[in-house]
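Each chain, written out:
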Amino acid sequence: MKEALQQLLTQAVEQLKVSQVIPADSQPRIQLDRPRDKSHGDFASNLALMLAKTAKMNPRALAEQLIAALPANDLIAKADIAGPGFINFTISQQQLLGQLQAAYASQRLNVELSAEPDCVVIDYSSPNLAKEMHVGHLRSTIIGDAVSRTLEFLGHQVIRQNHVGDWGTQFGMLLAHMEELDASDSQWQLSNLETFYKAAKKRFDESETFADRARQLVVSLQSGDQYCNQLWQQFIDISLSHCQEVYDRLGVKLTRADVMAESAYNDKLAGVIEHLRERGLLVEDQGAQCVFLDEFKGKDGEPLPVIVQKKGGGYLYATTDLAAIEYRQKQLGGTRLLYFVDQRQSLHFQQIFTLARKAGFVEGELDIEHLAFGMVLGKDGKPFKSRDGGVTKLADLLDEAQRRALTLLQQKDNELSPAQQQHVAEVVGISSVKYADLSKNRTSDYMFDWDTMLSFEGNTAPYLLYAFTRVRSVFEKAGIDMAEVPGEIILEHEKEQALANQLVKFNETLQSVANKCMPHFLCGYLFDLAGAFSSFYEHCPILNQDDAALRNSRLKLSALTARTLQQGLALLGIDTLEKM
Ligand code: ARG
């Protein structure tokens, strides 16, 4: 609907160019907003205000001309001029009903597939494998996953890249420790990577011989020594299977096939340096190879270096990212590259993106975006820590979520068998953690709070899951399949109208999630949808309804609500429950 309206406005603009009301070369961006106040119609546009200057016209007069130039259509019921020159559009009832029927009849709720699909390469999760996944990996993993699912649903090609850190000096220490333990001990200790890492670090700090061996092993590993590589491979395998367990529990779509580790770029790194040298971008600074970009200056006003090769010849994080960005455009065919990485790496990515373009690692039209996110904080407002003050392993966090959900369930009245309770607790626990994160604006920090996230009230997973089960139970009582409700939709009651208006916003909501990579837009939408359903349910009897046509219409609205909730949650990576 939004796009159709945009289309009409584009045509009006063209019309005004022909009649020379506005200059032929003006290319306004046509923006449509959803007004908060329902009396302002369904969409508002500031187009006349934007064009007034180039047209040398009063915005209200221009708004009038724009309205007059709109082609004939059955979309708009009313277009009013408001304030200094806004145009408020009201969508026709006929259009609204048509949209609802189409959504009801369509598997994908009538959500449009992109007319120009992108090939989107998405870097998310990407933990370092030396340690176990901890709470710091949560945001990248689930936000990246939700955006990937949404883009896929909209018809884009999505290529996931789990750029795991599997290379670097820490691995020397880990391999040395593996070597010291005998095989069975080592297997056992590796079942807890966190402890293993700590033990290795302890050995490294206390023994000079051990530290020497660790350094030696890094050199051998990097020069391709077979023994070292086998040992390393063993470690990486174990670490990756820990990650996979977390992904599976979280219901995140990543698999081993999406892993494109740092080490996979090793044989490209010398070429990266050579390429930079040929382009005349390389500068030697205290023995290290650097690139200085004018765009990035330090506090002292001097350009900051991007170090691409260390004094001893070793390559860096940035070098690998240059190789990776080239691979993503040139080998994978990406037209849009997304990086879901902590905001502390913003400077790194801005430098990489600028340098990659300047040096020609990437070319032509290409969207490259660092989707930064804030931190997870504890109740004290400081970075979230476990009880013993250490980092919280994700696996432990999820255990606790399930435990807490189970306790809550057991306190409530319900007819679930113990096995069902276990299952419900699992879904509720995990989805609460995910939803709490996804529903916050990606760019800000947020406070991790068990009580709020597990609450059945407010913008939470339990609230939405419960809302879904409520609609399902209407159908169970009605004894009718959601897909087989006959008849037309009738919108008479104010609450029916409000629910209908919310239902048809699904499409545009998904578009904005995909454009801005902001899953909290979808969460907000679903929360409002559940709210609209709840007041509809309260005011509009469904089953206690003598009028068969009205009963069917209301059942249809309920079915659409359930399916939209379910689809929306699925795009967030959250499963629904039939009962809870
Ligand atoms: N492994 C890195 C870390 O844990 C994140 C990698 C992000 N992706 C990238 N292409 N640099 O900080």
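Residues numbered from 1 in each chain as written. Predicted model: local features only at pLDDT ≥ 70, side-chain atom pairs only at ≥ 80, totals over all residues. Heavy atoms only, no water.

Undergrad: Describe the overall build of the chain, with residues and values.
TA: Across its full length, the chain carries 21 helices and twelve strands. Principal-axis analysis of the C-alpha atoms places the extent of the chain at approximately 85 × 70 × 40 Å. When each of the 580 residues of the chain is scored for burial, the buried share is 51%. Considering only intrachain contacts with a sequence separation of at least 6, the fraction spanning at least 24 residues in the chain is 72%. Of the accessible surface of the chain, which amounts to about 27100 Å², a share of 48% is contributed by carbon and sulfur atoms. Here the chain carries 59 positive and 75 negative side-chain charges, and the mean point of each set is 3 Å from the other. (Helix = DSSP H or I, 4+ residues; strand = E, 2+ residues; numbered from the N terminus. Buried < 20%, exposed > 50% of the residue type's maximum accessible area, 1.4 Å probe, protein only. Contact = heavy atoms within 4.5 Å. Areas by Shrake-Rupley, 256 points an atom, 1.4 Å probe, with all protein chains shown as cover. Lys, Arg positive; Asp, Glu negative; His and termini not counted. Charge placed at Lys NZ, Arg CZ, Asp CG, Glu CD.)

Undergrad: Residue-level account of the environment of Lys198, with values.
TA: Looking at the element boundaries, Lys198 is found in helix H8 (residues 193–206). In the structure, Lys198 is positioned 87 residues away from Val111 in sequence and 50 Å away in space, judged by C-alpha atoms.

Undergrad: Quick one: what's the story with the side chain of Ser432, residue by residue and with numbers?
TA: With respect to the secondary-structure elements, Ser432 resides in helix H15 (residues 418–438). If we skip the residues at most four places from it in the chain, Ser432 touches Met453, Leu454, Ala461 and Pro462.

Undergrad: Run through the sheet that holds strand E4 (residues 119–123), naming residues and quoting values.
TA: Sheet architecture is open: four strands sit in the order E5-E4-E9-E10, paired in parallel fashion. A single partner strand is all that each edge strand has here, and the edge strands are strand E5 (157–161) and strand E10 (367–371). Across this sheet, the average inter-strand angle for adjacent strands is 15°, counted without regard to direction. Pairing of strand E9 (residues 336–340) with E10, which is carried by five bridges, proceeds in the parallel orientation. In the strand pairing of E10, Leu337 is matched with Ile368. (Pairing = 2+ DSSP bridges. Axes fitted to C-alpha atoms, helices over the stretch in contact; angles between N-to-C directions.)

Undergrad: Could you give an account of the pattern of salt bridges, naming the residues involved and the relevant values?
TA: Overall, the coordinates contain 31 salt bridges when judged by the stated rule. Here Arg149 ties to Asp145 by a salt bridge, and the two come within 2.9 Å at their closest N and O atoms. Taken together, the positions of Arg149 and Asp145, both in helix H5 (residues 138–153) and four residues apart, correspond to about one turn of that helix. Of the two residues, Arg149 and Asp145, neither departs from the other in class, the shared state being buried. For Arg215, the salt bridge is made with Asp212, and the minimal N-O distance between the two is 3.4 Å. Of this pair, Arg215 and Asp212 both sit in helix H9 (residues 208–222), three residues apart, roughly one helical turn. Classification of Asp212 as partly exposed rests on a relative accessible area of 41%. When salt bridges that share partners are traced, they join Glu180, Lys202, Arg203 and Glu206 into one network. (Salt bridge = Lys/Arg side-chain N within 4 Å of Asp/Glu carboxyl O.)

Undergrad: An account of the environment of Val376 is requested, with residue identities and associated values reported.
TA: Position of Val376 relative to the elements: it lies in strand E11 (residues 376–377). Along the sequence, Val376 and Asp445 sit 69 residues apart, while their C-alpha atoms lie 5.9 Å from each other. Ignoring sequence-local partners within four residues, the contact set of Val376 consists of Val135, Arg139, Pro383, Phe384, Tyr446 and Phe448.

Undergrad: Go over the site of the ligand, please, and point to the residues and values.
TA: All residues adjacent to the ligand are Asp123, Ser126, Asn128, His163, Tyr317, Asp321, Tyr339, Val341, Gln345 and Phe349. Between a nitrogen atom of the ligand and a side-chain N or O atom of Asn128, the distance comes to 3.0 Å. For the ligand, an oxygen atom lies 2.9 Å from a polar atom in the side chain of Gln345. Coverage of the ligand by the protein chains reaches 87% of its 350 Å² of free accessible surface. (Near = heavy atom within 4 Å. Polar contact = N/O pair within 3.5 Å; in protein donor to acceptor, adjacent residues only side chain to side chain.)

Undergrad: How would you sum up the packing of helix H1 (residues 2–18) against helix H3 (residues 59–69)? Please name residues and give values.
TA: Put simply, H1 and H3 touch, their axes get as near as 8 Å, and they point 110° apart. Here H3 runs roughly perpendicular to H1, going by the angle between their axes. Between H1, through Ala12, Val13, Gln15 and Leu16, and H3, the contact on the second element is made entirely by Leu62, Gln65, Leu66 and Ala69. Grouping the amino acids of the contact of H1 with H3 by side-chain chemistry returns six nonpolar, two polar and no charged. (Parallel < 35°, antiparallel > 145°, perpendicular 65-115°, else oblique. Nonpolar A, V, L, I, M, F, W, Y, C, P; charged D, E, K, R; others polar.)

Undergrad: Talk me through the UniProt feature "domain: DALR anticodon binding" (unreviewed entry) in the chain; I want residue IDs and the actual numbers.
TA: Per the UniProt entry, the sites bearing "domain: DALR anticodon binding" (unreviewed entry) are residues 464–580 in this numbering. When the span residues 464–580 is considered, its composition is 68% helix and 0% strand, and the gap between its end C-alpha atoms is 12 Å. (UniProt positions renumbered as here; feature names shortened; annotations may be inferred.)

Undergrad: Pulling in residues and values, what's your account of the sheet that holds strand E1 (residues 43–45)?
TA: In spatial order, the strands read E1-E3-E2; together these three strands make up an open sheet with antiparallel pairing. Of all the strands in the sheet, just E1 and strand E2 (76–82) have a single pairing partner and so form its edges. Direction aside, neighbouring strands of the sheet carry axes that sit 20° apart on average. Pairing between E2 and strand E3 (residues 86–91): six bridges, direction antiparallel. Residue pairing in the sheet places Ile76 in a bridge with Ile91 of E3. Here H3 sits on the sheet and contacts E2 and E3; the angle it forms with E2, its principal contact strand, is near 165°.

Undergrad: Explain the packing of aromatic side chains to me, using residue names and the numbers behind them.
TA: By the definition in use, this model includes 14 aromatic pairs. Here the aromatic rings of Trp167 and Trp232 are separated by 5.2 Å at their centres, their planes lie at 80°, and the arrangement is edge-to-face. A residue pair is termed long-range when its members are at least 10 positions apart, and Trp167 in the loop between E5 and helix H6 (170–180) and Trp232 in helix H10 (residues 226–250) qualify at 65 residues. Each member of the pair, Trp167 as well as Trp232, is classed as buried. Ring centres 6.2 Å apart and planes at 45° place the aromatic pair Phe196 and Phe235 in the tilted group. Taken together, the residues span a long stretch of sequence, with Phe196 in helix H8 and Phe235 in helix H10 at a distance of 39 residues. Judged by relative accessible area, Phe196 falls into the buried class, the value being 0%. (Phe/Tyr/Trp six-rings, centres within 6.5 Å; stacked < 30°, edge-to-face > 60°.)

Undergrad: Mind laying out the UniProt feature "short sequence motif: 'HIGH' region" (unreviewed entry) in the chain, listing which residues take part and the relevant values?
TA: Feature annotation in UniProt assigns "short sequence motif: 'HIGH' region" (unreviewed entry) to the following positions: residues 127–137. Helix makes up 0% of residues 127–137 and strand 0%, with an end-to-end C-alpha separation of 7 Å.

Undergrad: Any details on the pairing of strand E8 (residues 303–309)? Residues and values, ideally.
TA: As judged from the five bridges shared by strand E7 (residues 288–297) and E8, these two strands associate in the antiparallel manner. Each residue of the ladder has a partner; that of Gln289, found in E8, is Gln309. Joining the antiparallel neighbours E7 and E8 is a turn of five residues, in which Gly301 adopts a positive phi near 85°.

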